[in-house]
Amino acid sequence: SDVANGGGSWGSRPPSPKTPLTLREEGARVGIGSSGGEEKVQAGRAVLPSDDPLDQPDFNSVDYINSIFPTEQSLSSIDDVLNGMECKIHSIDNEIRMVVRGQTNVDQDGRAALEEAQHVISELFVHIHDIKVKAEQSEEMVKEITRDIKQLDCAKRNLTASITTLNHLHMLVGGVDSLLILTKKRLYGEIVMPLQAVMEVMKHFQSYSNIPQVKHLSDQVNQIHLELAHQISGDFREAFSGPNAKHFTPNKQLAEACLVVSILDSKVKRDLLKWFIGLQLSEYCHLFQENQDSAWLDKIDRRYAWLKRHLLEFEDKFGLMFPPDWAVSERITVEFCNITRMELSKLMAKRRSDIDVKLLLFVIQRTSNFENLLSRRFTGITLEDVDGSSLKSKINQCFEPYLNIYIESLDKFVQDSKQQHSPSNFNTVQPEGSNVILSSCADLFVFYKKCMVQCTQLSTGQPMLGLTTTFQKYLREYAIKLLQNNLPNILTTAEYCLETTHQLEVKLKEKVDINLKDNINLSQEQDIFHKYTINLKYI
């Protein structure tokens, strides 16, 4: 312990000047003991951990010496220990020297590497510049090639368009010549295809109409259209109204002529059908002109029977001659309905006094049946381009101005029937008690329902408003004259009338035209029945 504390003089010698310092002492010597140096030491330990006692942060020199020389006898090896430490110091000095020299070489190597990198960067820049120049040259070359290709494409399109136009022109010239020859020979079956082709080719020359040659060909085509329309119309007139019309039988030539007409302007077809339908109905107009006895309403069935018979004869004889899409039978029927409606309107206006409700209902019923038959037989496709109406209402429209006769007859009927339902009769025949519905009440609303259904079949327009007015009149009269005189035994009847009147209003609004719906209002009549209901509950 004396040796460890620096005491004792036996066996000792002066310390060598090269005795190494501890890490703590060396750190204190170079300033590592400062706060900044301490942080560096901590960082060094974290990177290079060591088990050497000299490197420990809590190093104690006395403890370290005592650990080396724990007894006095161990001091005999002090020279060996000192020699080992001197060797270690010498080794560390060599390592430091090598590190310092190595750092000098590293600096030189780094400078050389930097210069090499700068040289490489310079060469790379030169290469990039060369690539950019070559890319620009390539782009210009591509533009020149593309420009040539675009010119070639444009030339190709122009050449293709020229060849196509020349082919169309050749087809047009040849087609016009062929049409002129075929038209003169009336070979309508052979005209259809060339005519369609010429009309299609003419669409390609619309932008060249200012060229004299093209304009001349266009005028020729238009002239061929006019000639065909005039010629085919003449052929039809000759066949159906010429000297030999009675002996005419349908032939292939006129059937093929119809196909040509379908290609021509729609006005040609429209004018031809107008003439032909008028011709077909000329007999009808003659038989049922207004001075004939068969023209009056009571002979209405004869008109409809004539059309049925005529359509059967027409379809049997000429049905295959006309294209199906012409719907000639339907067109004849539509024109028949138009003529019938106009003729009946004029006739009824002149003989209004001869129309009674029985005759009116008869003619309306027969006409409705006829129109229902037509609506099942035909599609109504020919009406779409005219007025959008239907065959189901073509004729019956003419009877609407006279439906007031029907409404007036209902009024008269109710007036006549009131006598058998007088208040005195009900006072005597009805049993007492508030749970009884007067039989006249049920009869009244059943009658109203029948009238409403019948009027709906006739018209859903203004006549429905007239019918509603008649209903209102007699509902008020029934309430005042009948129910009032049967107080207090009719609570159930009043409630029934209130509910049924509301239902009647709803039904009338459902049946009438939508633009007249707001004109139907039975609220006043319902108020009357409601008032009786309230009063009777307190009697």
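Residues numbered from 1 in each chain as written. Predicted model: local features only at pLDDT ≥ 70, side-chain atom pairs only at ≥ 80, totals over all residues. Heavy atoms only, no water.

1. A look at the packing of helix 10 (residues 300–318) against helix 12 (residues 357–377)
Argument step 1. Interhelical geometry of helix 10 versus helix 12 gives an angle of 20° and a closest axis separation of 9 Å. As the angle between them shows, helix 10 and helix 12 are arranged roughly parallel. The two elements helix 10 and helix 12 meet at a crossing, and its hand is left-handed. Along its contact with helix 10, which presents Ile 300, Asp 301, Tyr 304, Leu 307, Lys 308 and Glu 315, the element helix 12 presents Phe 362, Val 363, Arg 366, Thr 367, Phe 370, Leu 373 and Arg 377. (Axes fitted to C-alpha atoms, helices over the stretch in contact; angles between N-to-C directions. Helix = DSSP H or I, 4+ residues; strand = E, 2+ residues; numbered from the N terminus. Parallel < 35°, antiparallel > 145°, perpendicular 65-115°, else oblique. Left-handed = near helix turned anticlockwise from the far one by under 90°. Contact = heavy atoms within 4.5 Å.)

2. Structural notes on helix 10
Argument step 1. In this model, helix 10 (19 residues) spans 27 Å end to end at C-alpha, consistent with the 27 Å of a helix rising 1.5 Å per residue.
Argument step 2. Turning to helix 10, its buried residues are Ile 300, Arg 303, Tyr 304, Trp 306, Leu 307, His 310, Leu 311, Phe 314 and Phe 318. Looking down the long axis of helix 10, one finds its buried residues gathered within 150° of arc, a one-sided arrangement. The exposed residues of helix 10 that point more than 90 degrees off its buried face are Leu 312 and Asp 316. (Expected span 1.5 Å × (residues − 1). Buried < 20%, exposed > 50% of the residue type's maximum accessible area, 1.4 Å probe, protein only. Arc of directions from axis to C-beta.)

3. Notes on the packing of helix 10 against helix 11 (residues 328–350)
Each pair of packed helices can be described by the angle between their axes along with the distance between the axes.
Argument step 1. Axis separation between helix 10 and helix 11 bottoms out at 11 Å; the angle between their running directions is 160°. By the angle between their directions, the pair helix 10 and helix 11 is classed as roughly antiparallel. Regarding helix 10 and helix 11, the two cross each other, and that crossing is right-handed. Together, Ile 300, Arg 303, Tyr 304, Trp 306, Leu 307, Leu 311, Phe 314 and Glu 315 of helix 10 and Val 328, Ser 329, Ile 332, Thr 333, Phe 336, Thr 340 and Leu 344 of helix 11 make up the contact between the two elements.
Argument step 2. Broken down by class, the residue content of the contact of helix 10 with helix 11 amounts to ten nonpolar, three polar and two charged. (Nonpolar A, V, L, I, M, F, W, Y, C, P; charged D, E, K, R; others polar.)

4. A closer look at the nonpolar core
Argument step 1. Counting residues in hydrophobic clusters, the biggest one holds 103 residues, and the most contacted among them are Phe 236, Phe 240, Phe 322 and Leu 360.
Argument step 2. In terms of residue count, helix 6 (residues 212–241) provides more of this core than any other element does, ten residues in total.
Argument step 3. Counting the residues that make up this core, at least three belong to each of domain 2 (267–398) and domain 3 (434–538).
Argument step 4. With residues near it in sequence (within four places) discarded, Phe 236 still touches Ser 241, Leu 254, Ala 257, Cys 258, Leu 272, Trp 275, Met 321 and Phe 322. (Core = buried A, V, L, I, M, F, W, Y, C linked by side-chain atoms within 4.5 Å. Domains from an automatic or database assignment.)

5. Focus on the confidence of the model for the chain
Atom-level detail of predicted coordinates should not be read off regions where pLDDT is low.
Argument step 1. In this model, the chain carries an average pLDDT of 80, and 82% of its residues clear a pLDDT of 70 or more.
Argument step 2. Overall, residues 1–34 carries pLDDT values under 50, and its contacts beyond four positions in sequence, including any with other chains, amount to 29 contacts.
Argument step 3. Predicted confidence for residues 423–436 stays below pLDDT 50, and this span has 25 contacts to residues more than four positions away or in other chains. (pLDDT = per-residue confidence, 0-100.)

6. As for the side chain of Ser 368
Argument step 1. Take Ser 368: it is sitting in helix 12.
Argument step 2. Ignoring any residue separated from it by four or fewer positions in sequence, one finds Ser 368 in contact with Asn 396 and Gln 457.

7. Topic: the environment of His 310
Argument step 1. In this structure, His 310 sits in helix 10.
Argument step 2. Separated by 22 residues in the primary sequence, His 310 and Ile 332 place their C-alpha atoms 9.8 Å from one another.

8. Things to note about the packing of aromatic side chains
Argument step 1. If you walk through the whole model with that rule in mind, you get 24 aromatic pairs.
Argument step 2. For the ring pair Tyr 284 and Phe 336, a centre distance of 4.5 Å and an interplane angle of 50° mean the geometry is tilted. Within this pair, whereas Tyr 284 is found in helix 9 (residues 282–287), its partner Phe 336 is found in helix 11, the two being separated by 52 residues in sequence.
Argument step 3. Its relative accessible area of 1% is what places Tyr 284 among the buried residues.
Argument step 4. The exposure class of Phe 336 is buried, given its relative accessible area of 0%.
Argument step 5. An angle of 40° between the planes, with centres 6.0 Å apart, marks the rings of Phe 322 and Trp 326 as tilted.
Argument step 6. The residue whose ring lies beneath Arg 351 is Trp 296, and the NZ or CZ to ring-centre distance is 3.8 Å. (Phe/Tyr/Trp six-rings, centres within 6.5 Å; stacked < 30°, edge-to-face > 60°. Lys NZ or Arg CZ within 6 Å of the ring centre and 35° of its normal.)

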